[in-house]
Amino acid sequence: MEAFQNLGFWGTLLVTIVLSALPLVFVLLYALVTIYLEMKVAAHVQDRVAYMRTGWHGVLQPIADFIKLIQKEDIISVAANKKLFILAPYIVFMGTYGAYAAIPFSSIFIGANIDLGAFFIIGISSLVVVGILMAGWASNNKWSIFGAVRSAAQMISYEIPTALAVLIAVMITGSLNLQEVTKFQAGGIQNWLIFGGPLPLLQKILITPFTLITFLILFVASLAEVNRTPFDLPEAESELVQGFFTEYSGMRWALFYVAEYANMFLVAGVAVALFLGGWESPFGSFLSGPIWGLFWFIIKGMVLVFLQIWLRWTLPRLRVDQLMYTSWKVLTPFLFVCIIAIGLILVL
Amino acid sequence: MTAVRIYFNNIWLALSSIAIGMRITMSHLFVKSVTTQYPDVKLKMPERARNRLYVNIDDCIGCDQCSMACPVDCITIETIKSTPDQDLGTTSTGQKKRLHVPVFDIDIAKCCYCGLCVPPCPTECIVMTDVYEFSEFDRKNLIYNFSVMMPQDIEQARAKLKKAEEEAAAKKAAAAAAAAAAKAAAPPAAPPADKPAGAPPSQQPSTPASDTPGQPGKS
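Note that the coordinates shown come from a computational prediction; the quantities given were computed from them, not determined experimentally. (Residues numbered from 1 in each chain as written. Chains lettered and ligands numbered in written order. Predicted model: local features only at pLDDT ≥ 70, side-chain atom pairs only at ≥ 80, totals over all residues. Heavy atoms only, no water.)

## Regarding the overall build of chain A
Now for step 1: Looking only at helices and strands, one finds 12 helices and zero strands in chain A.
Now for step 2: The order of α-helices and β-strands along chain A, N terminus first, is α-α-α-α-α-α-α-α-α-α-α-α.
Now for step 3: Taken over the C-alpha trace, chain A has a radius of gyration of 21 Å; the compact-globule value for 348 residues is 20 Å, and the two agree within 12%.
Now for step 4: Judged by the C-alpha coordinates and their principal axes, chain A covers about 65 × 55 × 45 Å.
Now for step 5: Of all 348 residues assigned to chain A, the portion counted as buried reaches 52%.
Now for step 6: Taking contacts inside chain A between residues at least 6 apart in sequence as the whole, the part at least 24 apart equals 75%.
Now for step 7: Just so you have it, chain A exposes about 15600 Å², and 75% of that area is on carbon and sulfur atoms.
Now for step 8: In chain A, 18 positive and 18 negative side-chain charges are present, and the distance between their average locations comes to 5 Å. (Helix = DSSP H or I, 4+ residues; strand = E, 2+ residues; numbered from the N terminus. Rg over C-alpha atoms; globule rule 2.2 N^0.38 Å. Buried < 20%, exposed > 50% of the residue type's maximum accessible area, 1.4 Å probe, protein only. Contact = heavy atoms within 4.5 Å. Areas by Shrake-Rupley, 256 points an atom, 1.4 Å probe, with all protein chains shown as cover. Lys, Arg positive; Asp, Glu negative; His and termini not counted. Charge placed at Lys NZ, Arg CZ, Asp CG, Glu CD.)

## Remarks on the overall build of chain B
Now for step 1: Along the backbone of chain B there are three helices and five strands.
Now for step 2: Reading the helices (α) and strands (β) of chain B from amino to carboxyl end gives α-β-α-β-β-β-β-α.
Now for step 3: Taking all 219 residues of chain B together, 30% fall into the buried category.
Now for step 4: Partitioning the contacts of chain B with sequence separation of at least 6, the portion at a separation of at least 24 is 78%.

## Here we look at the interface of chain B and chain A
Now for step 1: At the junction of the two partners, chain B supplies 18 residues and chain A supplies 21 residues.
Now for step 2: Interface of chain B and chain A: buried area, both sides summed, is about 1700 Å²; carbon and sulfur atoms make up 68% of it.
Now for step 3: Per-residue buried area on chain B facing chain A is highest for B:Tyr7, B:Met22 and B:Leu29; these three make up 32% of the total on that side.
Now for step 4: Inspection of the region where chain B meets chain A yields one salt bridge. (Buried area = accessible area lost by both parts, 1.4 Å probe. Salt bridge = Lys/Arg side-chain N within 4 Å of Asp/Glu carboxyl O.)

## Some points on the pattern of salt bridges
All names here are of chain A.
Now for step 1: Tallied over the full model, the rule gives eight salt bridges over all chains.
Now for step 2: With its nearest N and O atoms 3.0 Å apart, the salt bridge here joins Arg228 to Glu38. Highlighted residues: Arg228 in the loop between α8 (201-225) and α9 (237-240) and Glu38 in helix α1 (residues 8-45), separated in sequence by 190 residues. Each of the two residues, Arg228 as well as Glu38, counts as buried.
Now for step 3: When the shortest N-O distance is used, the salt bridge between Glu38 and Arg312 registers 3.2 Å. Of the two residues, Glu38 is situated in helix α1 and Arg312 in helix α11 (residues 290-312); the sequence distance between them amounts to 274 residues.

## Side note on helix α4 (residues 117-125) of chain A
Think of an α-helix as turning once every 3.6 residues; residues three or four places apart then point the same way.
All names here are of chain A.
Now for step 1: For α4, the full list of buried residues reads Gly117, Ala118, Ile121 and Ser125. Around the axis of α4, the buried residues are gathered within 105 degrees of arc, so they sit on the same side.
Now for step 2: Buried residues belonging to α4 abut α3 (82-99), α5 (127-139), α6 (142-173), α7 (178-184) and α10 (250-275). (Arc of directions from axis to C-beta.)

## A word on the environment of B:Leu99
Now for step 1: Inspection of the secondary structure puts B:Leu99 in strand β3 (residues 99-107).
Now for step 2: In this structure B:Leu99 comes out as buried when scored by relative accessible area, which is 11%.

## A few points about the packing of α3(A) against α4(A)
Residue and element names in this part refer to chain A.
Now for step 1: The contact between α3 and α4 brings their axes to 8 Å, and the two run at 175 degrees. Taken together, the axis directions place α3 and α4 in an arrangement best described as roughly antiparallel. Facing Gly95, Gly98 and Ala99 of α3, the residues of α4 in contact are Phe120, Ile121, Ile124 and Ser125.
Now for step 2: Classifying every residue of the contact of α3 with α4 by side-chain character gives four nonpolar, three polar and no charged. (Axes fitted to C-alpha atoms, helices over the stretch in contact; angles between N-to-C directions. Parallel < 35°, antiparallel > 145°, perpendicular 65-115°, else oblique. Nonpolar A, V, L, I, M, F, W, Y, C, P; charged D, E, K, R; others polar.)

## A few points about the side chain of B:His100
Residue and element names in this part refer to chain B.
Now for step 1: Topologically, His100 is positioned in strand β3.
Now for step 2: According to the relative accessible area criterion, His100 is buried, its value standing at 10%.
Now for step 3: With near-sequence residues (within four places) excluded, His100 lies in contact with Glu78, Thr79, Ile80, Lys81, Ser82, Gln86, Leu88, Met149 and Ala157.

## Quick notes on the confidence of the model for chain B
Residues and elements named next belong to chain B.
Now for step 1: Confidence in the prediction for chain B averages 80 pLDDT; 84% of positions are at 70 or higher.
Now for step 2: Taken together, the stretch residues 195-219 has pLDDT below 50 and engages in 33 contacts with residues farther than four places along the chain or on a different chain.
Now for step 3: Both scores are given for the predicted complex: the pTM is 0.75, the ipTM 0.77. (pLDDT = per-residue confidence, 0-100.)

## Observations regarding the sheet that holds strand β5 (residues 143-145) of chain B
All names here are of chain B.
Now for step 1: Strand order in this open sheet of three strands is β2-β3-β5, and the pairing throughout is antiparallel. Each edge of the open sheet carries a strand with a single partner, namely β2 (75-81) and β5. The mean angle between the axes of side-by-side strands here comes to 15 degrees, regardless of whether they run parallel or antiparallel.
Now for step 2: Bridge count for β3 against β5 is three bridges, and the pairing is antiparallel. By the bridge assignment, Asp107 is partnered in β5 with Ile143. (Pairing = 2+ DSSP bridges.)

## With respect to the nonpolar core
Now for step 1: Within the largest apolar cluster, 94 residues are counted, with the highest numbers of intra-cluster contacts made by A:Tyr30, A:Tyr100, A:Phe105, A:Phe265, A:Leu274, A:Phe275 and A:Leu304.
Now for step 2: Sort the elements by how many residues they give to this core and α10(A) lands first, with 17 residues.
Now for step 3: In this structure A:Tyr30 touches A:Tyr261, A:Ala262, A:Met264, A:Phe265, A:Met302 and A:Val305, once residues within four positions along its chain are discounted.
Now for step 4: B:Ile57, B:Ile77, B:Ile106 and B:Ile126 belong to the second largest nonpolar core, which has 23 residues in total. (Core = buried A, V, L, I, M, F, W, Y, C linked by side-chain atoms within 4.5 Å.)

## Details of a nonpolar patch on the surface
Residues and elements named next belong to chain A.
Now for step 1: Residues Trp56, Val59, Leu60, Ile63, Phe66, Ile67, Ile70 and Met251 make up a contiguous nonpolar surface patch of roughly 780 Å² in combined accessible area.
Now for step 2: With four residues, the single largest contributor to the nonpolar patch is helix α2 (residues 61-71).
Now for step 3: With respect to the helices and strands, Trp56 occurs in the loop between α1 and α2.
Now for step 4: Judged by its relative accessible area of 65%, Trp56 is exposed. (Patch = residues over 30% accessible without salt bridge, like charges linked within 9 Å, V, L, I, M, F, W, Y side chains within 5 Å.)

See below:
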């Protein structure tokens, strides 16, 4: 960003628009790929083959789906609160996309290199809850409001373990700036925070079990944050008929859908930046550089996204009480123990 | 102490069972799919599959037994008696055909594929095939007309029957008059066209205008 400082008002505006649209291009392309991946994984897990008729092994199916969604009629039910109903998908997408501003895609590309990056992501992605509640309320449908209420309860509960896990990474690296956190983990796979980071050997050995647990908890909590199975209670196709977006159709529905997939990569990206070395190459200085950085970041993110898909087609959905139990009685206490232990080890 | 143990045990159970589940799903990712690409690859139907009905009309003797066996009344049969001077030929099972079959309609949309029409057929001319792809854009196209009689043939057969009946009635009247005139205990003069000997055990041949009940929308 520092390179574009003396361009005047219009130049700055243009550069800002282009730079802020770049992640959007990425998100849309990524959503197409991931929807395809999700359907293929789902099918093959169940010994099926999924799309086969649109292009080679159905690779054009997401595009066909997209074209279909554009053509669909935009239905707003009579009983809905029209203003909120229209606004809700944009808020959900905004909350997700806003968080992309602080995601370090590469050593030279980050939307906004702010010092409070991790904090900003946690804060702005809470906006999603507002959007979901808005959608559920405005739909004026009992399933939608159930979904919205469940979603609010779930997301707010799981924000605590997520924030605590992020806090642990911040404790070790001493920075909330994700770019700084990534640079801290330079020098190969052994320096990633999941393996204790580049600390002195004794500290590293002591800290590694706790960082592993923290990463695991961050991953589980982020699954719940993005409403993925086994924590997809707000959507729950079988009982709530898609929950808060039952009443949506066409492009508004697609916006929710894209936001959901964008959210998947968002939490994967945060986990990668905090614990898996971000855009740093796993081989130290080998294959590193701005372009390779982008490559490594996306590859690591996609591995986590694949893990999310894999889990989705493995596990059944949790009950509401089990969901709350997991958050408050398992994840949060474990993280408190981790915070105390890591704090003590760092003081050593 | 037990509560603590149960707590950690539950966590361990959850993690280990998730690991087992993920191993299973991962192994299934590389299993050959069990489904087939239907329009391109078709599974062979079982030998005794019950799908679309087919009637070999050349063998049909118009006995109406399949229609009576049908629980949903999807078979409509109309027949015209033949006169003694007509030869309708024999079926492939060697049975003599005595009835014209101007209408043999099966409304396959109503058919429930029970197969009850197949066993009663004395000449085995109605069978269930293994064809299952016969969707149509218009429901009327699902009424299959198996009869091969031309309209003029039907008219001819009807006219012939009418003439024969009239002749028989005239003969009967004449015989009755003669009998009345003779006032003798004459042996009953059998009307020739009233009951064809050896007719299949069926209902009385229907008149041309009659319609099987429960057959609306017949083409």
